Amino acid sequence: MPTLLLIETATAVCSVALADSDGVLAELHTLQPNAHSSQLSPYIAQLYEQCSIAPSQLDGVCISSGPGSYTGLRIGVSTAKGICYALHIPLLSVPTLQSMAAQYYASHPDYKGMVCPMIDARRMECYTAVYASPAQELKSVSADIITQGIYDEFLDRGEVTFIGDGAEKTRPLLGVHPNARYDNTFLISSSGLRTLAFDKLERHEVEDVAYFEPYYLKDFVAKKSVVRGLH
């Protein structure tokens with residue numbers, strides 16, 4: 001049975017898991033600020049030990065491909081590439097918003113409404129998409145400045161649940177619609193990648209380890225240093 005390493009670093013959450021086609025074998029995550037660079041590799045080593053799996057037994061690595069944090073995505077993708085290159089195994093990628101929707105539907109099997117995952121892009125902007133199921137995207141991924149009525153096209157059709165670290169700040173504008181729902185218990189997880197990753201592995205939809213890049217959606221803008229002596 002194939003075993004995959006799943007890496008989620010697109011947001012403030014650093015999450016890794018080992019999984020097979022039957023389920024998640026083990027998972028570790030942290031919300032500690034700026035922990036991706038210091039915690040990702042130790043977490044992966046802990047998972048190997050916890051599951052008694054050697055790196056050579058992996059059949060692939062799946063990365064959450066964005067959009068999201070520029071730094072988090074760079075750390076996750078570079079780590080995944082290094083493992084795949086060293087072990088000569090496939091690199092898989094799943095869009096972050098789609099994995100969030102898949103995670104929500106998997107944990108709410110009776111839910112029949114739509115899901116709008118939201119990643120905070122600062123101020124009143126969010127990376128968003130709308131799904132009727134993990135495989136059915138109703139609104140393509142975009143960086144939206146949230147205004148009242150922006151998603152009425154979907155809310156007028158039925159229930160939409162808003163999830164993710166960008167959702168809560170939109171509640172005053174979108175929550176007035178009777179079909180708007182908010183789940184503030186949702187926490188993005190590497191486990192959301194599992195089903196989509198194994199589907200891709202089965203279809204041999206793999207990435208080029210040398211040339212794959214995360215989906216940033218927006219260009220990275222470096223801020224001017226405020227530390228004296230740095231320009």
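Described in the following lines is the structure provided in the data block. Position numbers for residues count from 1 along each chain, tracking the sequence in the order it is written. pLDDT decides what is reported in this predicted model: residues at 70 or higher carry local features, side-chain atom pairs at 80 or more are listed and counted, and totals for whole chains, interfaces and linings draw on all residues regardless. No hydrogens and no water enter the side-chain calculation; it runs on all heavy atoms of the structure.

**Focus: the sheet that holds strand β1 (residues 3-8)**
The pairing of strands in a sheet comes from backbone hydrogen bonds and takes either a parallel or an antiparallel form. Cut-off, in case you're wondering: Two strands are said to pair when DSSP picks up at least two bridges between them. Where helices and strands are cited, they refer to DSSP runs of H or I of at least four residues and of E of at least two residues respectively, numbered from the N terminus. Working convention: axes come from line fits to C-alpha atoms, limited for helices to the stretch in contact. Angles between N-to-C directions cover 0 to 180 degrees. Contact criterion: two residues are considered in contact whenever any of their non-hydrogen atoms come within 4.5 Å of each other.
With mixed pairing, the 5 strands of this open sheet are ordered in space as β3-β2-β1-β4-β5. At either margin of the open sheet sits one strand with a lone partner, and together these are β3 (23-30) and β5 (91-94). Direction aside, the axes of adjacent strands within the sheet are offset by 20 degrees on average. Pairing of strand β4 (residues 60-64) with β5, which is carried by 4 bridges, proceeds in the parallel orientation. If you follow Ser 64 over to β5, its bridge partner there is Val 94. Sheet strands in contact with helix α2 (residues 70-87) are β1, β4 and β5, and its direction is about 170 degrees off that of β4. The sheet contacts of helix α6 (residues 194-202) involve β1, β2 (14-20), β3, β4 and β5, and relative to β5 the element is tilted by about 130 degrees.

**A closer look at the side chain of Arg 194**
Test applied: Working definition: with a 1.4 Å probe on protein chains only, accessible area under 20% of the residue-type maximum means buried, over 50% means exposed, and in between means partly exposed. Charged-residue counts in this description rest on Lys and Arg as positive and Asp and Glu as negative, His and the chain ends being excluded. Throughout this description, the term salt bridge denotes a Lys or Arg side-chain nitrogen within 4 Å of a carboxyl oxygen of Asp or Glu. N or O atoms closer than or at 3.5 Å make up a polar contact, with two conditions inside protein: a donor-capable atom paired with an acceptor-capable one, and, for residues adjacent in sequence, both atoms drawn from side chains.
In this fold, Arg 194 is placed in helix α6. One buried charged residue, Arg 194, forms no salt bridge at all, with the nearest opposite charge on Asp 20 at 5.7 Å. At a separation of 3.1 Å, a polar atom in the side chain of Arg 194 contacts the main-chain carbonyl oxygen of Ser 21. Residues in contact with Arg 194, not counting those within four places in the same chain, are Leu 6, Ala 19, Asp 20, Ser 21, Asp 22, Gly 23 and Val 24.

**With respect to the sheet that holds strand β8 (residues 136-145)**
One open sheet holds the 5 strands; their spatial order is β8-β7-β6-β9-β10, and the pairing between them is mixed. Each having just a single partner strand, β8 and β10 (180-182) make up the two edges of the open sheet. In this sheet, adjacent strand axes meet at a mean angle of 20 degrees when their direction is disregarded. Note that strand β7 (residues 125-133) and β8 share 7 bridges and pair antiparallel. Bridge pairing in β8 places Val 130 opposite Lys 139. Lying on the sheet, helix α3 (residues 96-107) is in contact with β6 (114-120), β7, β8 and β9 (160-163); it crosses β6 at an angle near 130 degrees.

**Here's the deal with the packing of helix α1 (residues 36-51) against α2**
We apply this condition: An angle below 35 degrees is read as roughly parallel, one above 145 as roughly antiparallel, one from 65 to 115 as roughly perpendicular, and any other as oblique. We call a crossing left-handed when the near helix sits turned anticlockwise from the far one by less than a right angle, and right-handed when that turn is clockwise. Three classes are used, and their members are as follows: Ala, Val, Leu, Ile, Met, Phe, Trp, Tyr, Cys and Pro are nonpolar, Asp, Glu, Lys and Arg are charged, and the others, Gly among them, are polar.
As a packed pair, α1 and α2 sit with axes 10 Å apart at the nearest point and diverge in direction by 40 degrees. By the criterion of interaxial angle, the relationship of α1 to α2 is oblique. In this structure, the crossing between α1 and α2 has a hand that is right-handed. Of the residues in α2, those in contact with His 36, Ser 37, Leu 40, Ile 44 and Tyr 48 of α1 are Gly 72, Ile 75, Gly 76, Thr 79 and Ile 83. Looking at the contact of α1 with α2 residue by residue, the class counts come to 5 nonpolar, 5 polar and no charged.

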